[in-house]
2 protein chains.
Amino acid sequence: MPRYRLLIEYDGTGYVGWQSQAKGPTVQQAIETALTRLTRAVVPIQAAGRTDAGVHATGQVAHCDLPMDWTNDRLCAALNAYLRGHRIAIVRADQVPDSFQARFSAIRRHYVYVILNRRAPPTLERNHVWHVRAPLALAPMQEAASQLLGYHDFTTFRATECQAKSPMRTLERLEIVPRGDCLDVHVASRSFLHHQVRSIVGTLVPVGMGRWSVADVRAALEARDRTRCGPVAPPDGLCLTGVDYEEVAVSEDCARHP
Amino acid sequence: MPRYRLLIEYDGTGYVGWQSQAKGPTVQQAIETALTRLTRAVVPIQAAGRTDAGVHATGQVAHCDLPMDWTNDRLCAALNAYLRGHRIAIVRADQVPDSFQARFSAIRRHYVYVILNRRAPPTLERNHVWHVRAPLALAPMQEAASQLLGYHDFTTFRATECQAKSPMRTLERLEIVPRGDCLDVHVASRSFLHHQVRSIVGTLVPVGMGRWSVADVRAALEARDRTRCGPVAPPDGLCLTGVDYEEVAVSEDCARHP
């Protein structure tokens, strides 16, 4: 059974997230259904990032084992044909060694969270940004972000239902880059806790509004107390833009937010 | 009657274009309806660019005369409230001298046409890009573009129903910039002929595919013959990103594709 790595892009609006569940349509179900129609077999897939409801991806990576050989391009084209009607695309497919695991072989995940910071509502970017009307001051947000960089106990910044054994994570990048009316928050880490990025962004925004100080963010981190977190940012602005692996940065050539 | 200049952004999907007509919903109608609800008067508006059905804008400019004074911010907020449900936003409103005319005072229009050049279909950018599956070679497209720069008779590149008196135009910018899987075609001119940008893009793409040579494009331009144009590119990829005026580049601070 040859193993394939899929590079996947989707608009998460209207899906209850990546992972299959009873509550509604998921990205995983849509792709597994396409794989079943293609192969007439049950083909489970596993992804690097289990994105939440409404969260998007330009660089999701998953793997699956197929009952027969396909050329990479034909597999990709066939899956996209079966996914018609979904806002999900297989950007590329590559046959990989059996040792490759999309989730466990990943050494780094990249997310971008987009804040639209203006009075007027979003139009072209609707569902793809968090609309924050109050003007945000960049410098204090950047200073607060620098407090969260590196190895910390992120208990304050993870959902109470988070199932990770340890709350310790190393935030390798947390950078806020202005782009027109938007602030792009670039985040990278080996792995993330549940709601970690949205919790961090939801805590940086009150800093930009002047409601929280940089010291408040530092104190919230050090408290290791979920109740000290800012309001969790909505899913709309979040996008999984890439996943790195030891041998190859699979998504590098197609990440939308470099 | 104070005059106001509006900076307008919209997702053109689902509208039959900017200009009011009997065939379906237009952006102009939506904004004029909002103005009527706000002022209880009939308030006509005139825009710098009469975009076609399905064409978007991040930097459209229009002007109107209101029966009473409004502060700029309150006018903007009130219009956006009445536009709820539309994918149209008033990004800013400014009271301007009566001599200002959105259309006739404009000295330059900026458009960006986005081509998604990959096998996989668009997801997040659906309706906002032209999906071209065949790989495009950038260098010949750029060389062909350079043939069209400057002052020319653009008869080949305008719709047969174009009502402009003269087919002479000066293309001030025609630049193709790669961005991830996309090619952004940046175009600027004092004014454009009907379908001019889409005709130009639709002629550059066959060059990128190797079907047309640079000399073919040159010959098509010199033929001054509409039947020599390439296929007109679809509206989805086109966006009016800004309009310049003598005193001030109104949209500079909010253009999405700088």
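Residues numbered from 1 in each chain as written. Chains lettered and ligands numbered in written order. Predicted model: local features only at pLDDT ≥ 70, side-chain atom pairs only at ≥ 80, totals over all residues. Heavy atoms only, no water.

(A) Here's a closer look at the overall build of chain A. When its secondary structure is counted, chain A shows five helices and ten strands. In summary, chain A has a C-alpha radius of gyration of 19 Å against a globular reference of 18 Å for 258 residues, a match within 12%. When its C-alpha atoms are laid out on the principal axes, chain A stretches across 60 × 40 × 35 Å. Once local pairs closer than 6 in sequence are excluded, the contacts in chain A between residues at least 24 apart make up 70%. For chain A, the computed accessible surface area is about 11,100 Å², with 49% contributed by carbon and sulfur atoms. Positive and negative side-chain charges in chain A, numbering 30 and 26 respectively, have mean positions lying 5 Å apart. (Helix = DSSP H or I, 4+ residues; strand = E, 2+ residues; numbered from the N terminus. Rg over C-alpha atoms; globule rule 2.2 N^0.38 Å. Contact = heavy atoms within 4.5 Å. Areas by Shrake-Rupley, 256 points an atom, 1.4 Å probe, with all protein chains shown as cover. Lys, Arg positive; Asp, Glu negative; His and termini not counted. Charge placed at Lys NZ, Arg CZ, Asp CG, Glu CD.)

(B) The arrangement of the relation of the copies chain B and chain A in detail. Screw-axis analysis of chain B against chain A gives a translation of 0.0 Å along the axis, an RMSD of 0.0 Å, and a rotation angle of 180 degrees. These values place the two chain copies in the arrangement generated by a two-fold rotation axis. Taking the C-alpha atom as reference, chain B places Glu125 of chain B closest to the rotation axis, 4.6 Å from it. Comparing interface residues between copies, 100% of those in chain B also sit at the interface in chain A, which points to an isologous, same-surface contact. (Least-squares fit on C-alpha atoms with pLDDT ≥ 70 in both.)

(C) Seen up close, the packing of aromatic side chains. In total, this model carries ten aromatic pairs over all chains according to the counting rule given. Ring geometry for Tyr113 of chain B and Trp130 of chain B: centres 6.3 Å apart, planes at 85 degrees, overall edge-to-face. Placement of Tyr113 of chain B in strand S5 (residues 106-117) and of Trp130 of chain B in strand S6 (residues 130-132) is noted, with a sequence separation of 17 residues between them. As far as burial versus exposure is concerned, Tyr113 of chain B and Trp130 of chain B are alike and both buried. When the ring centre of Phe100 of chain A is taken as origin, the NZ or CZ atom of Arg5 of chain A, which lies over that ring, is 5.5 Å away. (Phe/Tyr/Trp six-rings, centres within 6.5 Å; stacked < 30°, edge-to-face > 60°. Buried < 20%, exposed > 50% of the residue type's maximum accessible area, 1.4 Å probe, protein only. Lys NZ or Arg CZ within 6 Å of the ring centre and 35° of its normal.)

(D) Highlighting helix H3 (residues 138-148) of chain B. All names here are of chain B. Buried within H3 are the following residues: Met141, Ala144, Ala145 and Leu148. Buried residues of H3 fall within an arc of 105 degrees about the axis and therefore sit on the same side. Buried residues belonging to H3 abut S5, strand S7 (150-153), strand S8 (168-179), strand S9 (182-189), helix H4 (196-209) and helix H5 (214-223). Looking one or two residues beyond H3, the residue adopting positive phi is Gly150, at roughly 95 degrees. (Arc of directions from axis to C-beta.)

(E) Inspection of the packing of H3 of chain B against H5 of chain B at higher detail. All names here are of chain B. At a minimum axis separation of 9 Å, H3 and H5 run at an interaxial angle of 20 degrees. By the angle between their axes, H3 is roughly parallel relative to H5. Between H3 and H5 the crossing geometry is right-handed. Contacts from Pro140, Glu143, Ala144, Gln147 and Leu148 in H3 reach Val214, Val217, Arg218 and Leu221 in H5. Counted by class, the contact of H3 with H5 contains six nonpolar, one polar and two charged residues. (Axes fitted to C-alpha atoms, helices over the stretch in contact; angles between N-to-C directions. Parallel < 35°, antiparallel > 145°, perpendicular 65-115°, else oblique. Left-handed = near helix turned anticlockwise from the far one by under 90°. Nonpolar A, V, L, I, M, F, W, Y, C, P; charged D, E, K, R; others polar.)

(F) Quick look at helix H1 (residues 27-39) of chain A. Residue and element names in this part refer to chain A. The end-to-end C-alpha separation of H1 is 18 Å, in line with the 18 Å expected for 13 residues at 1.5 Å each. Elements in contact with the buried residues of H1: strand S1 (3-10), strand S3 (56-65), helix H2 (72-82) and strand S4 (88-96). Within two residues after H1, Arg40 carries a phi angle of roughly 55 degrees, on the positive side. (Expected span 1.5 Å × (residues − 1).)

(G) How the structure looks around the interface of chain B and chain A. Taken together, the contact pairs 31 residues of chain B with 31 residues of chain A. At the boundary of chain B with chain A, total buried surface from both sides reaches about 2,500 Å², with 51% on carbon and sulfur atoms. The salt bridge involving Glu9 of chain B is made with Arg118 of chain A; its shortest N-O contact spans 2.8 Å. Looking at which element gives the most residues to the side of chain B that touches chain A, the answer is strand S4 (residues 88-96) of chain B, with four residues. Looking at the side of chain B that touches chain A, its residues break down into 14 nonpolar, six polar and eleven charged. (Buried area = accessible area lost by both parts, 1.4 Å probe. Salt bridge = Lys/Arg side-chain N within 4 Å of Asp/Glu carboxyl O.)

(H) Up close: the pattern of salt bridges. Residues and elements named next belong to chain A. Inspection of every chain in the model, using the stated rule, returns 26 salt bridges over all chains. Notably, a salt bridge pairs Asp11 with Arg87, separated by 3.8 Å at the nearest N-O pair. Note that Asp11 is positioned in the loop between S1 and H1 and Arg87 in the loop between H2 and S4, a separation of 76 residues in sequence. Residue classification places Asp11 among the buried residues on the basis of a relative accessible area of 3%.

(I) The arrangement of the pairing of strand S10 (residues 238-245) of chain A in detail. All names here are of chain A. When you tally the buried positions in S10, you get eight out of eight residues, the bulk of the element. Pairing of S3 with S10 involves two bridges; the strand directions are parallel. Following the sheet pairing, Ala57 is matched in S10 by Leu240. As paired strands, strand S5 (residues 106-117) and S10 are joined by seven bridges and run antiparallel to one another. Directly across from Arg109, in S10, lies its bridge partner Val243. (Pairing = 2+ DSSP bridges.)

(J) Focus on the environment of Pro67 of chain B. Residue and element names in this part refer to chain B. Looking at the element boundaries, Pro67 is found in the loop between strand S3 (56-65) and helix H2 (72-82). For the pair Pro67 and Met1, spaced 66 residues apart in the sequence, the C-alpha separation amounts to 5.2 Å. In this structure, Pro67 is in contact with Met1, Thr39, Ala41 and Val43, ignoring residues within four places of it in sequence.

(K) Spotlight on the packing of helix H3 (residues 138-148) of chain A against helix H4 (residues 196-208) of chain A. Residue and element names in this part refer to chain A. At a minimum axis separation of 8 Å, H3 and H4 run at an interaxial angle of 145 degrees. Crossing of H3 against H4: the hand is right-handed. Mapping the contact onto sequence places Pro140, Met141, Ala144, Ala145 and Leu148 in H3 and Ile200, Leu204, Val205, Val207 and Gly208 in H4.

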